[in-house]
Amino acid sequence: MKQKNSKKLVLKGALILSVASLIAKVLSAFYRIPFENLVGNTGFYVYQQIYPIYGIGMTFALSGFPVFISKLIAEQPSEEEKLALSRQMFAILMVFSLVIFLGLRFFKHLIAQAMGDPALEILIANVAWMFLLMPFLAVGRGYYQGKFNMVPTAISQVSEQLVRVLVILLAALLFVQRQWSVYQMGAYAMLGATIGGLVAGLSFGRFYLRDFFKYPGAKIKLNAQTLVKRLASEGVIICLFASLMVLLQLVDSFTVKQALQAGGMFDEMAKEVKGTYDRAQPLVQLGLVVAVSFSSTLLPALTKSLQAKRMIEFRWTAKALLRISLGIGTAATVGLMLLMPQINTLLFGDANQSKTIAVYVFSVVLVTVISAYNSILQSLNQYRSTVVALIVAIFVKWLLNSYLILRLGIMGASVATILGLAAGLVVIMLALPVEVTGLLTENNYLIKLVLTTLTMIITTGCWIWCLNYFFNLTRLAVLIELLLAVPVGVVSFVLAAVAFKLFTLREWLVIPGGRKFIRLLSKINLSL
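Residues numbered from 1 in each chain as written. Predicted model: local features only at pLDDT ≥ 70, side-chain atom pairs only at ≥ 80, totals over all residues. Heavy atoms only, no water.

1. Here's the deal with the side chain of Arg32
Quick reminder of the rule: Under the scheme used here, helices are H or I runs from DSSP no shorter than 4 residues and strands are E runs no shorter than 2 residues, and both carry numbers assigned from the N terminus. Only protein chains enter the accessibility calculation, which uses a 1.4 Å probe. A residue is then buried if its area is under 20% of the maximum for its type, exposed if over 50%, and partly exposed in between. Counting rule for charge: Lys and Arg are taken as positive, Asp and Glu as negative, and neither His nor the chain ends is counted. Note on definitions: salt bridges are taken to be side-chain nitrogens of Lys or Arg within 4 Å of carboxyl oxygens of Asp or Glu. Within 3.5 Å is the distance limit for a polar contact, defined as a pair of N or O atoms, with the added protein rule that one can donate a hydrogen and the other accept it, and that residues adjacent in sequence qualify only through two side-chain atoms. The contact criterion used is simple: two residues touch if any of their non-hydrogen atoms lie within 4.5 Å.
By secondary structure assignment, the location of Arg32 is in helix 2 (residues 32–75). We note that Arg32 is buried and unpaired, the nearest opposite charge coming from Asp278 at a distance of 7.5 Å. Polar contacts involving the side chain of Arg32 include one to the side chain of Gln48, which spans 3.0 Å. Contact partners of Arg32, with chain neighbours within four places excluded, come to Phe44, Gln48, Tyr51, Gln281, Pro282, Gln285 and Phe348.

Dropping the structure here:
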């Protein structure tokens, strides 16, 4: 009975955390659209130059370190040891946070110069403050997650993002009303991270005020040196992999503007072009939310089958995770690419750099597959290949970025991102253990996916071509066009997936809404 209740608690907690994470991700993607509309491409450039620093810090405090700490907390047999471990981790993370905070504050001028824009210094100084909150948020979240109580973490996630978004949009509105400079606006927008963190910290007030200092004499078997080693290996690996796209954006922050200027572009124009290119970020984020939310339902089953040592079931679950992730990710990506001029115009007011953004959006497919493989390998406690893949992806992006921008213009930055991610994916696939090799090639899955995708491209492409005769690229017109085109894209992909048997009956059943879809097919005498 206790075991059943424990399983129910874990599943309920995972569901709460997944929903909260989804809400936080959607908020994090959507606010950038009104923000860009208010501050323009140059204002968006200023914000996006420093955003990767915030993004890395957020990953550390939101998902990376809490996951690592929760694992350690769950390993402790008594409440005294759980609290003793929390205090030790807090002390270690406080040192880590202070090093980052002081580094950003003291070297802000050098960092801004390396980004090619000394005026960014004030934004770097402001974003540094959020790192001082990281120990409070990471340990609080990790403690409660380790006890399978996901509610405080969920509340902190949503409240942090909501407050941060409100502060950022308020800064954008004041920029318009008071005619601030884009750098003033960016400086205040970056304070949203700290204010959001302070509000999120209220979720753990009870823990720090009442429980944190209980049992002061309690000790744990793990000493500080062992904890630091595990934090530097397992903890940092989880953090870095969770912030893969942010790290690639950080490379852009240090290279894109300078490369554009080296190619002959004036300073202001380079900022404008970089800001337009950065429109891809919220679209990629939304694409990943769609792809990952469909496949995340399989993660608990993956862990469960491995713990029970049912390797046949584990392999099937891993295969389903990969196939569903890649299938849904491809559909979302191709849809965004086909409709990019319309989406770009509707969201941002014009169709500038639509081809560049469309190429960048292809990263959704690659990151989706990399993330799925990472989940599978982490469940097998295999981290080395994913670390190597991460390093290779960032190195290839850094190596090619400036070179390709000088030859292809801003399109080169998108191409470098895709090549970096592709190189990382190749590294992972070459290092796969026997248990999970060939999962995507079984039953001609990749051929079926190509045929399904081609059907969607031809059907939707022809429909868009017809609609373009009747609609111009104005916001109202493209809204109507998208409302008419999106359902055609979805229906064509789904029907082609059924016709080519892209997913098995069992795979359809684990996709959210799959049961209702199967019932609908049976009513119209179609089978999978």
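2. Brief notes about the packing of helix 18 (residues 363–379) against helix 20 (residues 411–430)
Helix packing geometry: the angle between the two helix axes and the distance between the axes. Note the cut-off: Lines fitted to C-alpha atoms define the axes here, with helix axes fitted over just the stretch in contact, and angles between the N-to-C directions of these axes take values from 0 to 180 degrees. Each angle gets one of four labels, with under 35 degrees taken as roughly parallel, over 145 as roughly antiparallel, 65 to 115 as roughly perpendicular, and the rest as oblique. Handedness of each helix crossing follows the sense of rotation of the near helix against the far helix: counterclockwise by less than a right angle gives left-handed, clockwise gives right-handed. Classification convention: Asp, Glu, Lys, Arg as charged; Ala, Val, Leu, Ile, Met, Phe, Trp, Tyr, Cys, Pro as nonpolar; all other residues, Gly among them, as polar.
Packing of helix 18 against helix 20 brings their axes to within 10 Å, and their N-to-C directions diverge by 25°. Of the possible angle classes, the one that applies to helix 18 and helix 20 is roughly parallel. Viewed along their axes, helix 18 and helix 20 form a crossing whose handedness is left-handed. Residues Ser363, Leu366, Val367, Val369, Ile370, Tyr373 and Leu377 of helix 18 touch helix 20, and the partners they reach there are Thr417, Ile418, Leu421, Ala422, Leu425, Ile428 and Met429. Counted by class, the contact of helix 18 with helix 20 contains 12 nonpolar, two polar and no charged residues.

3. Considering the layout of surface pockets
This is how it is decided: Definitions used throughout: a 1 Å grid over protein atoms alone; a cavity as a set of points that fits a 1.4 Å probe which cannot get out; a pocket as an open set with protein on both sides within 12 Å along at least five of seven lines; a lining residue as one with an atom within 4 Å of a point. Grid points are joined across faces, edges and corners, and a volume is the space filled by probe spheres set on the points.
Of the pockets and cavities examined, the second largest pocket occupies roughly 940 Å³. Residue lining of the second largest pocket: 35 residues in total, with Val290, Ala331, Ala332, Val486 and Val490 positioned closest to the centre. Sort the elements by how many residues they give to the lining of the second largest pocket and helix 22 (residues 475–499) lands first, with 10 residues. In the lining of the second largest pocket, the residues fall into 29 nonpolar, six polar and no charged.

4. Some details on helix 15 (residues 311–338)
Put simply, the test is: Here the expected span of a helix is defined as 1.5 Å times the quantity of residues minus one.
The first and last C-alpha atoms of helix 15 sit 40 Å apart over 28 residues, in line with the 40 Å expected at 1.5 Å per residue. With 22 of 28 residues buried, helix 15 is to be regarded as a mostly interior element.

5. Concerning the environment of Leu240
Inspection of the secondary structure assignment puts Leu240 in helix 10 (residues 224–242). Given a relative accessible area of 27%, Leu240 falls into the partly exposed group. Sequence separation between Leu240 and Ile69 is 171 residues, and the spatial gap between their C-alpha atoms is 15 Å.

6. As for the side chain of Gln342
Within the fold, Gln342 resides in helix 16 (residues 340–348). Taking the relative accessible area as the measure of exposure, Gln342 reaches 3% and is therefore buried. Not counting residues up to four positions away in its chain, the partners in contact with Gln342 are Ile464, Asn468, Leu473, Val478, Glu481 and Leu482.

7. Here we look at empty space enclosed by the protein
A full pass over the atoms with the stated rule returns two cavities of 30 Å³ or more. Size it by volume and the largest cavity reaches roughly 50 Å³. Every residue lining the largest cavity is listed: Gly57, Met58, Ala61, Met130, Leu133, Leu137, Glu160, Ala193 and Gly197. Broken down by secondary-structure element, the contributors of at least two residues to the lining of the largest cavity are helix 2 and helix 8 (182–201). Examining the composition of the lining of the largest cavity, we find that three residues originate from one element, helix 2, more than from any other. In this model, the second largest cavity occupies a volume close to 30 Å³. Every residue along the wall of the second largest cavity is listed here: Gln48, Pro52, Gln249, Asp252, Ser253, Lys274, Asp278 and Gln281. Among the elements of the structure, helix 2 and helix 11 (244–262) are those that each provide at least two residues to the lining of the second largest cavity. A total of three residues in the lining of the second largest cavity trace back to one element, the largest contributor, which is helix 11. Taken together, the residues of the lining of the second largest cavity break down into one nonpolar, four polar and three charged.

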